[in-house]
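So you can see what is in the structure, the chains are spelled out below.
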Amino acid sequence: MKLNKKQIVLIFVGALLLGFIGAYAGIQLAQDNNQQTLQSTVENSSSNEDESNEQSELTGDLNKVSQAYDIIKENYLEDVEDKQLVEGAIEGMLATLDDQHTSYLDVEMMQQFNEQIESSFEGIGAEVSMVNGNVTIVSPMKGSPAEEAGLRPNDQVLTVDGESLDGLNLNEAVAQIRGEKGSEVVLEIQRAGVTEPFEVTIVRDTIPVETVYSETKEVDGKLTGIIEITNFSEKTGEEFDQQLNELENQEVEGLVIDVRGNPGGLLNVAEDILKHLVPKDLPILQIEDGEGQVEEVYSELEAKKDYPISVLIDEGSASASEILAVAMKDLGYDIVGESSYGKGTVQQAVPMGDGSSIKLTTLKWLSPKGEWINEEGVEPTIEEKQPEYYYSIPIQVEEPFSMDETSEEIANMQVMLSGLGYDTGRTDGYFDDQTEKAVKDFQADNDLEATGEVDTETGGLIESQLVEKIRNGEDDQQLDTSLEELYQ
């Protein structure tokens with residue numbers, strides 16, 4: 001393997017996080033060793049005749065690029081900045097790789113990351129990726145404005161404040177979505193299974209970097225620990241170690257690890273966590289380079305934990321989350337939920353020397369047993385979906401919903417009202433008398449005029465109460481199933 005993964009910190013995020021400290025940390029920590037690697041490459045090539053010949057051929061090819069540059073500068077109708085042409089050439093080269101996880105981070109983007117290395121940062125709190133040319137949500141962060149607004153994995157962002165994202169690369173799209181705390185952004189979203197796009201208004205906020213949360217529950221008289229990991233950033237390993245020790249000091253008899261909606265982060269952090277869980281007779285994971293050479297990574301743990309463990313995943317669990325999940329699956333533990341995102345590659349940030357970097361796919365990772373989950377995801381051993389209202393979309397009310405009307409928007413509203421305990425009798429989108437009664441009951445319970453029609457005020461209150469119910473973990477069927485099966 002040309003790159004020693006023990007000497008560099010590799011980025012594992014599937015795309016640029018809108019204000020995510022982990023991505024920056026990986027880039028910054030990689031720079032010094034990358035410079036050494038690049039310097040070594042230059043020194044070796046100068047003493048190798050074959051490589052010198054290849055370099056001469058490359059120089060000839062670059063003459064064509066130089067010629068194109070001169071033609072544009074001398075003949076194009078308008079003035080073009082040198083920086084625009086150079087960075088466009090870099091982005092063009094990367095685009096030919098057809099890899100959504102490889103991208104160019106210009107100086108401004110790197111400066112934005114540099115501003116986000118304190119204890120918190122500002123943004124909407126969602127990771128995005130470029131999927132088939134569409135800016136796509138990988139996962140909203142726990143407690144973020146994006147989560148509160150109801151964004152979900154695989155939502156496509158079509159416009160930002162009315163401006164189309166067509167033709168923009170991922171960095172340019174991220175720059176459109178970013179902004180200061182307290183500022184408002186309107187995203188037009190296309191969701192799978194929903195015919196028409198809908199708008200979501202999000203107020204940007206400060207996003208804390210705390211990444212590990214824990215609690216205990218009694219299950220059949222047994223004290224059970226639950227650890228939720230929201231992403232894999234610099235301090236996540238320490239936080240996990242501390243909270244696992246606290247749970248074990250309380251003598252928990254079982255453990256659930258929740259990585260739902262976790263978009264990933266740093267590879268070395270995922271390794272550190274798994275070294276507490278995977279014994280030394282099985283690899284934590286395998287790393288494969290471009291030449292097919294494989295390196296296996298092991299822990300020094302003597303034996304498995306003496307209590308049962310299960311892992312919760314969903315479609316927003318990506319990269320480092322999938323490393324954890326598939327390692328535990330290969331170890332024989334239950335994986336509960338829905339199939340994960342499917343990212344099996346590793347990116348390294350290579351500095352360009354002027355403050356910019358190229359985030360380049362350099363390796364792929366395999367499960368302990370050698371499985372590559374890229375574009376497939378980790379399949380749960382116990383498949384479980386959430387209640388239907390967990391998958392509802394924000395209510396869009398242009399004209400009040402009322403009796404005898406039919407629409408997808410009304411169907412969505414019926415699902416949401418039913419989720420709040422108001423029986424609409426149906427969820428097919430037809431506004432009948434029972435739906436009207438449910439609306440009136442909701443309005444009366446919330447000190448609204450009981451008109452039976454759903455206007456903007458009623459729709460907004462239905463939505464906000466449902467979001468709060470989901471955030472409080474009510475009716476969490478996936479967690480309930482995980483706890484039920486843990487001691488079977």
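Refer to the structure above for everything that follows.
Presented here is an overview of the structure given in this document. Bear in mind that the values here come from a model prediction, so they are computed numbers and not experimental data. For every chain, the first residue of its written sequence is number 1, and the numbers climb from 1 along that sequence. The predicted origin of the model limits local features to residues at a pLDDT of at least 70 and limits the giving and counting of side-chain atom pairs to 80 or more, whereas totals for whole chains, interfaces and linings rest on all residues. Computation of side-chain values: all heavy atoms of the structure, hydrogens and water removed.

Below, the discussion takes up the overall build of the protein. Looking only at helices and strands, one finds 13 helices and 19 strands in the protein. Buried means the residue's accessible area, taken with a 1.4 Å probe over protein chains only, is under 20% of the maximum for its type, while exposed means over 50%, and partly exposed covers the values in between. Expressed as a percentage of the 488 residues in the protein, the buried residues total 50%. We call two residues in contact when some of their heavy atoms are within 4.5 Å. If you take every contact in the protein between residues at least 6 apart in sequence, the share linking residues at least 24 apart comes to 68%. Per-residue and other accessible areas were derived by the Shrake-Rupley procedure at a 1.4 Å probe size, with only the shown protein chains allowed to occlude residues. In the form shown here, the protein has an accessible surface area of approximately 23,200 Å², with 42% of it arising from carbon and sulfur atoms. Here a helix means four or more residues in a row that DSSP labels H or I, a strand means two or more in a row labelled E, and each is numbered from the N terminus.

To continue, consider a negative patch on the surface. Grouping into patches uses exposed residues only, defined as over 30% relative accessible area, and leaves out salt-bridged ones; the cut-off is 9 Å for like charges and 5 Å for nonpolar side chains (Val, Leu, Ile, Met, Phe, Trp, Tyr). Only one rule defines a salt bridge in this text: a Lys or Arg side-chain nitrogen within 4 Å of an Asp or Glu carboxyl oxygen. His is not counted, nor are the chain ends, whereas Lys and Arg count as positive and Asp and Glu as negative. For this purpose, a charge sits on NZ of Lys, CZ of Arg, CG of Asp or CD of Glu. A contiguous patch of negative charge, built from Glu196, Glu199, Glu398, Glu399, Asp404, Glu405, Glu408, Glu409, Glu453, Asp455 and Glu457, is present on the exposed surface. Here Glu199 shows up in strand S8 (residues 198-203).

Below, the discussion takes up the pairing of strand S17 (residues 345-351). Of all seven residues that make up S17, seven are buried, and the element is covered over most of its length. Burial along S17 is two-sided: Thr345, Gln347, Ala349 and Pro351 facing one way and Val346, Gln348 and Val350 facing the other are all buried. Strands were regarded as paired on the criterion that DSSP finds at least two bridges between them. Two successive antiparallel strands, S17 and strand S18 (residues 357-366), enclose a turn made up of five residues, where Gly353 displays a positive phi of approximately 95°.

Attention now goes to the sheet that holds strand S19 (residues 382-383). Strand order in the open sheet formed by six strands is S10-S11-S12-S15-S16-S19, with mixed pairing between adjacent strands. Taken across any chain shown, the strands that pair with only one partner, and hence form the sheet edges, are strand S10 (212-219) and S19. Sheet topology places strand S16 (residues 334-337) next to S19; two bridges connect them, and they run parallel. Counted as the bridge partner of Gly337 is Glu383 from S19. Lines are fitted to the C-alpha atoms to define the axes, a helix being fitted only along its stretch in contact, and any angle between axes, read from their N-to-C directions, falls within 0 to 180 degrees. The strands touched by helix H7 (residues 236-249) within the sheet are S10, strand S11 (222-229) and strand S12 (254-258), with S10 carrying the most contacts at an inclination of about 25°.

Side chains of strand S13 (residues 285-288) alternate between two faces, with Leu285 and Ile287 and Gln286 and Glu288 buried alike. Of the strand pairs in this sheet, S13 and strand S14 (residues 294-297) are connected by four bridges, and their pairing is antiparallel. The residue bridging Ile287 from the neighbouring strand is Glu295, located in S14. In textbook terms, the turn of a hairpin is the stretch between consecutive antiparallel strands, and for S13 and S14 this stretch comprises five residues, one of which, Gly292, has a positive phi near 85°. Here S13 runs beside S18; their pairing, made up of three bridges, is antiparallel. Each bridged residue has a counterpart across the sheet, and for Glu288 the counterpart in S18 is Lys364.

Any pair of Phe, Tyr and Trp rings, taking the six-membered ring for Trp, is counted once the centres come within 6.5 Å. Such a pair is stacked with planes under 30 degrees apart, edge-to-face with planes over 60 apart, and tilted for the rest. Tallied over the full model, the rule gives two aromatic pairs. Ring centres of Tyr389 and Tyr390 lie 5.2 Å apart, and the angle between their planes is 40°; on these two criteria the pair is classed as tilted. The exposure class assigned to Tyr389 is buried, which follows from its relative accessible area of 6%. Between Tyr422 and Phe442, the aromatic rings sit 5.5 Å apart at their centres with planes inclined by 85°, giving edge-to-face as the arrangement. Here the residue Tyr422 occupies a position in the loop between helix H10 (408-419) and helix H11 (433-445), and Phe442 occupies one in helix H11, the gap between them amounting to 20 residues. Exposure class is identical for Tyr422 and Phe442. Each is buried. We call a charge positioned above a ring when the Lys NZ or Arg CZ atom is no farther than 6 Å from the ring centre and deviates by at most 35 degrees from the ring normal. Sitting over the ring of Tyr333, Lys304 keeps its end group 4.6 Å from the ring centre. In this arrangement the basic side chain of Lys385 is found over the ring face of Tyr391, its NZ or CZ atom lying 4.8 Å from the centre.

So, on to helix H3 (residues 82-95). With 14 residues, H3 extends 20 Å between its outermost C-alpha atoms, agreeing within 8% with the 20 Å of an ideal straight helix rising 1.5 Å per residue. Buried within H3 are the following residues: Leu85, Glu87, Ile90 and Leu94. Take the number of residues in a helix, subtract one, and multiply by 1.5 Å to get its expected span.

The grouping of Ile72, Tyr76 and Leu77 at the surface amounts to a nonpolar patch, some 350 Å² of accessible area in total. Relative to the elements of secondary structure, Tyr76 occurs in the loop between helix H2 (49-75) and H3.

Right, let's get into the packing of helix H8 (residues 267-274) against helix H9 (residues 320-330). Put simply, H8 and H9 touch, their axes get as near as 9 Å, and they point 30° apart. The orientation of H8 with respect to H9, classified from their angle, is roughly parallel. Note that H8 runs across H9; the crossing there is right-handed. Each of Leu267, Ala270, Ile273 and Leu274 in H8 lies in contact with H9, whose residues at this interface are Ala320, Ile323, Leu324, Ala327 and Met328. Reported orientations rely on four angle classes, namely roughly parallel under 35 degrees, roughly antiparallel over 145, roughly perpendicular from 65 to 115, and oblique for the rest. Put simply, a crossing is left-handed when the front helix is turned counterclockwise from the back one by less than a right angle, and right-handed when it is turned clockwise.

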